Each structure stands twice: as structure tokens, then as C-alpha cells.
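Residues per chain, in single letters:
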Amino acid sequence: MSEPGTLRMRFDRLFREVAKFGAVGAVGVLVDLGVFNLVRHFTDLPVVRASIIATLVAIAFNYVGFRYFTYRDRDKSSRTKEMSLFLLFSMIGLVIQNGLLYAATYGFGWDGPLASNFFKFFGIGVATLFRFWSYRTWVFRALPAKEAVQTAESFLEQTPRQATPRQATRRQPDRV
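Report on the accompanying structure. (Residues numbered from 1 in each chain as written. Predicted model: local features only at pLDDT ≥ 70, side-chain atom pairs only at ≥ 80, totals over all residues. Heavy atoms only, no water.)

Structural notes on the packing of aromatic side chains
- Applying the stated criterion across every chain, the model contains 18 aromatic pairs.
- Considering the side-chain rings of Y63 and F86, the 5.0 Å spacing of their centres and the 65 degrees angle between planes classify their relative orientation as edge-to-face. Here the residue Y63 occupies a position in helix α2 (residues 47-70), and F86 occupies one in helix α3 (residues 79-107), the gap between them amounting to 23 residues. Each member of the pair, Y63 together with F86, is buried.
- One aromatic cluster is present, formed by F21, Y63, F66, Y71, F86, F132, Y135 and F140 through successive ring pairs.
- When the ring centre of F69 is taken as origin, the NZ or CZ atom of K20, which lies over that ring, is 5.7 Å away. (Phe/Tyr/Trp six-rings, centres within 6.5 Å; stacked < 30°, edge-to-face > 60°. Helix = DSSP H or I, 4+ residues; strand = E, 2+ residues; numbered from the N terminus. Buried < 20%, exposed > 50% of the residue type's maximum accessible area, 1.4 Å probe, protein only. Lys NZ or Arg CZ within 6 Å of the ring centre and 35° of its normal.)

What about the nonpolar core?
- Judged by nonpolar contacts, the single largest core of 14 residues is most densely connected at F21, F66, Y71, F86, Y135, V139 and F140.
- Elements represented by at least two residues in this core include exactly α1 (3-42), α2, α3 and α4 (113-139).
- A per-element tally of this core places α3 first, with four residues.
- Those residues in contact with Y71, other than ones at most four positions away along the chain, are E17, F21, F66, F132, R136 and F140.
- Membership of the second largest hydrophobic core comes to ten residues, among which are V39, V47, A50 and A104. (Core = buried A, V, L, I, M, F, W, Y, C linked by side-chain atoms within 4.5 Å. Contact = heavy atoms within 4.5 Å.)

Some details on α1
- The end-to-end C-alpha separation of α1 is 57 Å, in line with the 58 Å expected for 40 residues at 1.5 Å each.
- Here α1 has its buried residues at E17, F21, V24, G25, G28, V29, D32, L33, V35, F36 and V39.
- Residues of α1 that are buried make contact with α2, α3 and α4. (Expected span 1.5 Å × (residues − 1).)

Concerning the packing of α3 against α4
- For the pair α3 and α4, the least separation of the axes is 8 Å and the interaxial angle reads 155 degrees. Classified by the angle between their axes, α3 and α4 sit roughly antiparallel to one another. Crossing geometry of α3 relative to α4 is assigned as right-handed. (Axes fitted to C-alpha atoms, helices over the stretch in contact; angles between N-to-C directions. Parallel < 35°, antiparallel > 145°, perpendicular 65-115°, else oblique. Left-handed = near helix turned anticlockwise from the far one by under 90°.)

Right under this line is the structure:
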């Protein structure tokens, strides 16, 4: 395949990945902001604690979306390692996201409902850049080409083969 064709194919694959990541992430943002505002409205928890609870709910939702939608074709051989890395990078994202909210709320005194939602949303955006890079690089890794071929071959070996017309007419040796 030519260089421009290969580059175009890689760009198309990245675009689809970003679109799927964005779709799951957009619903995750709605979950995060919805839970955040419900907790803020119905409890007396401080802003950052309410945000941490909302972020944890969104992290659980996003794992399911990423594993079974965005990265369903990626390596599934070590779920324990995958979940551990997902939680590690999600917690770093949580610190980034809620650190910005903390700085706005307690550093600058911007703690009204509109300011809290704005900085919560802004923190989600900054943390999303980190999460996208870390999830695709470390958590939901692409299968190397050799492993992908072996996986496909093992799948083909599991399905019963039907004889092609040419194989059906081939004479089988007589058994004694």
C-alpha cells in the first residue's frame, strides 16, 4: 500500500477512535455533571467532595463504555492489569479534574453554582486530554500485528470447515 494510503487509513482509524471515545465521554460528562448537581442539591457536602463522588460514578460508567464500545477490538488478555491501569489513570484524571475545581473554589472563592459547574466542566476537559492519551497508550492497547493474526487464525480453527467443491470431488484414499 502506498504511503498516502497508509497515512489515510491510520487517520481514519484515529478519527473513529476519537469519535467513539467522545461519544462515551459525552455521556460520561452528563453522568458526572448530573450526579454532581444532585449531590450538591440534596446534601450538604462541600463542592469538591460532591465532585469526587460524581467523578467516581462517571469513571465506573466510562469503563464499561470504553471496554465494550470504544476499545472492544483491543487486547483483552489481562483484565486485571487493564482494570488496574484504568483505575490508576482515572485517579490521576480525578486529581487533575478536581484539583482545578479545588483551586477555583478555595483558592479564588468562586464557589457559586454556576462557577462550580463551569470549573467542574473545565476540569473534565483538561483531564479528558490526559485520559485519552493514557487509555489508548497504556490501558486499552492495540494488539500487535502478529498477535492479531494468531487470534484470527485460532478463531478460524475453532469453526468447522466446510469442504469446497474442489475438495469434495478430490478422491479420498481407500482405507483397509
